[in-house]
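Commentary on secondary and tertiary structure
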Amino acid sequence: MSVRLGDDAPNFTAETTEGTVNLYDYLGDGWGLLFSHPKDFTPVCTTELGAFARRKSEFDERGVKIIGVSVDPLESHQGWVGDIEETQGAKLNFPLIADPDRKVADLYDMIHPNANDTLTVRSVFVIGPDKKVKLNITYPASTGRNIDEILRVIDSLQLTANYQVSTPVNWVDGDDVIIAPAISDEDAKEKFPKGFQTQKPYLRLTPQPNK
């Protein structure tokens, strides 16, 4: 079964480079980012893990805990960590799950047989404080992820979770946002005191409310 948006994120307990971790306990009441890697000692994964380690503080600022998963055993991970630090100039600073029995990969449908029946695809799951899946992005094994885009989407998710707005195309933190169509103009005047611009009755733009 695939994990869809709005589903409960499957919980699990697994061995990681930072000891035994239970996902729900690790995330606590905050946000989480779970992302998979096809295999240890592979070039794209090495660059990704180094980049996430270098930019971990940006996830920390947003209250997002990072956890990675690869289907190789813990001993393999421990050897790979040295390569990541040597080539990427960053030491791994978040848990990397060892998943040799593919328990986590199967829970999150990270192995797509039509792509490869042994390797995980590059899955990204953002999990909210309610333990619901808020985002799922799947990349092929050949394409590295874009951390700027993942952070951009997290900013949108956190904003829209707290205000009755959505974010338009190419939105980045600080840009104008869209008022939910269900809100009347009268209510919008109260909820969004900075004012709003009506382009169409269903398309009203207002400055980002938490800025």
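Counting restarts for each chain, with residues numbered from 1 along the sequence as it is written. Local features are withheld for residues below a pLDDT of 70 in this predicted model, meaning they are given only at 70 or higher, and side-chain atom pairs are given and counted only at 80 or more; totals for whole chains, interfaces and linings count all residues. With hydrogens and water excluded, all non-hydrogen atoms of the structure serve as input to the side-chain values.

**Details of the overall build of the protein**
Starting at the N terminus, helices and strands are each numbered in turn, a helix being any DSSP run of H or I of at least four residues and a strand any DSSP run of E of at least two. Counting its secondary structure elements, the protein contains seven helices and eleven strands. Seen through its C-alpha atoms, the protein measures out along the principal axes to roughly 60 × 35 × 30 Å. Burial statistics for the protein: of 211 residues in total, 45% are counted as buried. By definition in these notes, contact holds between two residues if any of their heavy atoms fall within 4.5 Å. Within the protein, contacts between residues at least 6 apart in sequence are counted, and of these 64% link residues at least 24 apart. Shrake-Rupley sampling with a 1.4 Å probe provides the accessible areas, and residues are treated as covered by the protein chains on show and by no other component. About 10400 Å² of surface is accessible on the protein, with carbon and sulfur atoms providing 49% of the total. The cut-offs for exposure are 20% and 50% of the maximum accessible area for each residue type, with area from a 1.4 Å probe on protein chains only; residues under the lower value are buried, those over the upper are exposed, and the others partly exposed.

**Focus on the environment of Val 165**
Note that Val 165 resides in strand S8 (residues 165-166). For the pair Val 165 and Asp 7, spaced 158 residues apart in sequence, the C-alpha to C-alpha distance is 22 Å. What Val 165 contacts, discounting residues up to four positions off in sequence, is Leu 159, Thr 160, Val 177, Ile 178, Ile 179, Ala 180 and Phe 192.

**Some words on the nonpolar core**
Within the largest apolar cluster, 29 residues are counted, with the highest numbers of intra-cluster contacts made by Leu 33, Phe 35, Leu 49, Phe 52, Phe 59 and Phe 94. Elements with a contribution of two residues or more to this core: strand S3 (31-37), helix H2 (43-54), strand S4 (64-70), helix H4 (74-88), strand S6 (122-127), strand S7 (133-139) and helix H6 (147-162). The element that contributes the greatest number of residues to this core is H6, accounting for six residues. Setting aside its immediate chain neighbours within four residues, Phe 52 contacts Leu 33, Phe 35, Phe 59, Ile 66, Phe 94, Ile 147 and Ile 150. Counting 21 residues, the second-largest nonpolar core is a separate cluster that includes Leu 23, Tyr 26, Leu 27 and Ala 105. In plain words, nonpolar cores are sets of buried Ala, Val, Leu, Ile, Met, Phe, Trp, Tyr and Cys residues tied together by side-chain atoms within 4.5 Å.

**Describing the environment of Asp 106**
Inspection of the secondary structure puts Asp 106 in helix H5 (residues 103-107). Overall, the relative accessible area of 51% leaves Asp 106 in the exposed class. Spatially, the C-alpha atoms of Asp 106 and Leu 27 are 20 Å apart, while their sequence positions differ by 79 residues.

**So, the sheet that holds strand S11 (residues 203-206)**
Strand order across the open sheet formed by four strands is S8-S9-S11-S10, with antiparallel pairing between neighbours. Each of the sheet's edge strands pairs with one partner strand only, and the pair in question is S8 and strand S10 (197-200). Relative to strand S9 (residues 177-179), S8 is paired through two bridges, and the arrangement is antiparallel. The residue of S9 that forms the bridge with Ser 166 is Ile 178. Pairing between strands is defined by DSSP: at least two bridges between the two strands are required.

**Details of H6**
To estimate how far a helix should extend, the number of its residues minus one is multiplied by 1.5 Å. In a regular helix each residue adds 1.5 Å, so 16 residues correspond to 22 Å; H6 covers 23 Å between its end C-alpha atoms and thus fits that length. Residues of H6 that are buried include every one of Ile 147, Ile 150, Leu 151, Val 153, Ile 154, Asp 155, Ser 156, Leu 157, Gln 158 and Leu 159, and no others. Pairs of N or O atoms within 3.5 Å make up the polar contacts considered here, provided that, within protein, one atom can donate a hydrogen while the other can accept it, and that residues adjacent in sequence are counted only when both atoms are side-chain atoms. Between a side-chain oxygen at the N-terminus of H6 and the backbone nitrogen of Asp 148 the separation is 2.9 Å; the capping residue is Asn 146.

**Thoughts on the side chain of Thr 206**
Take Thr 206: it is sitting in strand S11. Taking the relative accessible area as the measure of exposure, Thr 206 reaches 1% and is therefore buried. Once you skip the residues sitting within four places of it in the chain, Thr 206 turns out to touch Asp 176, Val 177, Ile 179, Phe 192, Gly 195 and Phe 196.

**Remarks on unusual backbone geometry**
One non-glycine residue with positive phi stands out, namely Asp 109, at about 55 degrees. Summarising the element assignment, Asp 109 is placed in the loop between H5 and S6. On the basis of relative accessible area, Asp 109 is assigned to the partly exposed category, the value being 29%. Positive phi, normally seen in glycine, also occurs at Asn 170, with a value near 60 degrees. Locating Asn 170 in the fold gives a position in the loop between S8 and S9.

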